[in-house]
Amino acid sequence: MSGDPFVEHRRLLFTVAYEMLGSAADAEDVVQDTWLKWTTVDQSEVRDPRAYLVRMVTRKALDQLRVLARRREDYVGPWLPEPLLTSPDVADDLELADSLSTAMLLVLETLTPTQRAVFVLHEVFDVGYDELAEAVDKSPSAVRQIAHRAREHVAARRPRGIVSSSDAWDALIALQRAIVTGDLQDLVDMLAPDVVALGDGGGIKQALPRPISGAAKVAKLFAAGLKTPWLTEMTAVLGYANGGPALILSLDGEIDSVVTMRVEEGLVSAIYTVRNPEKLSAMGQEANVSR
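Residues numbered from 1 in each chain as written. Predicted model: local features only at pLDDT ≥ 70, side-chain atom pairs only at ≥ 80, totals over all residues. Heavy atoms only, no water.

## Quick look at the nonpolar core
Thought 1: With 53 residues, the main nonpolar core has Phe14, Tyr18, Met20, Leu84, Leu108 and Val289 as its most contacted residues.
Thought 2: Counting only elements with at least two residues in this core, the list comes to helix H1 (5-21), helix H2 (24-38), helix H3 (49-72), helix H5 (94-100), helix H6 (102-108), helix H7 (113-124), helix H8 (129-136) and helix H9 (140-157).
Thought 3: It is H1 that contributes the most residues to this core, nine residues altogether.
Thought 4: Apart from the residues lying within four places of it in its own chain, the contact partners of Val289 are Arg11, Phe14, Thr15, Leu84, Val90, Leu96 and Leu100.
Thought 5: Within the second largest apolar cluster, 28 residues are counted, among which are Ala197, Val218, Ala219 and Met234. (Core = buried A, V, L, I, M, F, W, Y, C linked by side-chain atoms within 4.5 Å. Buried < 20%, exposed > 50% of the residue type's maximum accessible area, 1.4 Å probe, protein only. Helix = DSSP H or I, 4+ residues; strand = E, 2+ residues; numbered from the N terminus. Contact = heavy atoms within 4.5 Å.)

Encoded structure:
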């Protein structure tokens, strides 16, 4: 029904769940579970439906986070969040785009579940401390302390330089050109000395078993990759994922890999490649995200 608050806030609920979980599939499950519970609620008794729904989805996401933490202990190779196909409009909302970025989601992975919930809800979605306290079953004073520690933790780990979307486009175009022509030089010239490359194949597709650090090693990795026959058969298309530029590689009409980059002050500081096919289903259609 058109007047249902759940329908009105569904994009927000999905975004909250995704930023807490780093998984589009798990976020959808959480949102569906929230919907089922919402249908049993006497909505006439709910004074603030948005706050109520955010509280519901947060609690369910917290439960799921603990399940995922155990699952990720057995994950094969580096873990990266599931890429989301996003519209250019999302990139225009700089705060939302930053919160959805692979770099930020990896930082959020280093928080405890409660810290992650508090940081996401307060810093990204501007949820007040009293409302947060209800969502995570803590006192408002405890939530303030958790928020302070989470902010310090994130500030110490997030990119310190200026992150440029236009420079990321240039780097991805250089990679796209290298795949077509075999000439890597333009991309190599953009690599930061301490660049890190991470690949997530989940033990299903060939990917990096561990992070590769340093411009020389990353350049050597790409040079070797360009010699593999299957890469030359792929189509490489520029698009948007997680609110920023992405290179989407497809083979025989199926998405094989999604590559995103973090570019700081003109140099590529991180390269993220997701090849695990179980993580690519959300690239089939644009994700409905909002703050």
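## What to know about the sheet that holds strand S2 (residues 212-213)
Thought 1: A sheet is described by the order of its strands in space; here six strands give the open sequence S2-S1-S6-S5-S4-S3, paired in mixed fashion. The open sheet has two edge strands, S2 and strand S3 (235-241), and neither has a second partner.
Thought 2: Alignment of strand S1 (residues 191-200) against S2, held across two bridges, turns out to be antiparallel. Note that in S2 the partner of Ala197 across the bridge is Ile212. (Pairing = 2+ DSSP bridges.)

## Here we look at the packing of aromatic side chains
Thought 1: One pass over the full model with this rule turns up four aromatic pairs.
Thought 2: Both rings, one in Phe6 and one in Trp35, keep their centres 5.1 Å apart while their planes meet at 45°; by these two values the pair is tilted. Of the two residues, Phe6 sits in helix H1 while Trp35 sits in helix H2, which places them 29 residues apart along the sequence.
Thought 3: Note on Phe6: relative accessible area 4%, which makes it buried.
Thought 4: Under the relative-accessibility criterion, Trp35 is labelled partly exposed at 29%.
Thought 5: Considering the side-chain rings of Trp169 and Tyr240, the 5.1 Å spacing of their centres and the 85° angle between planes classify their relative orientation as edge-to-face. In this pair, Trp169 is assigned in helix H10 (residues 165-181) and Tyr240 in strand S3, connecting sequence segments 71 residues apart. (Phe/Tyr/Trp six-rings, centres within 6.5 Å; stacked < 30°, edge-to-face > 60°.)

Limitation: the analysis is restricted to geometry and does not speak to function.
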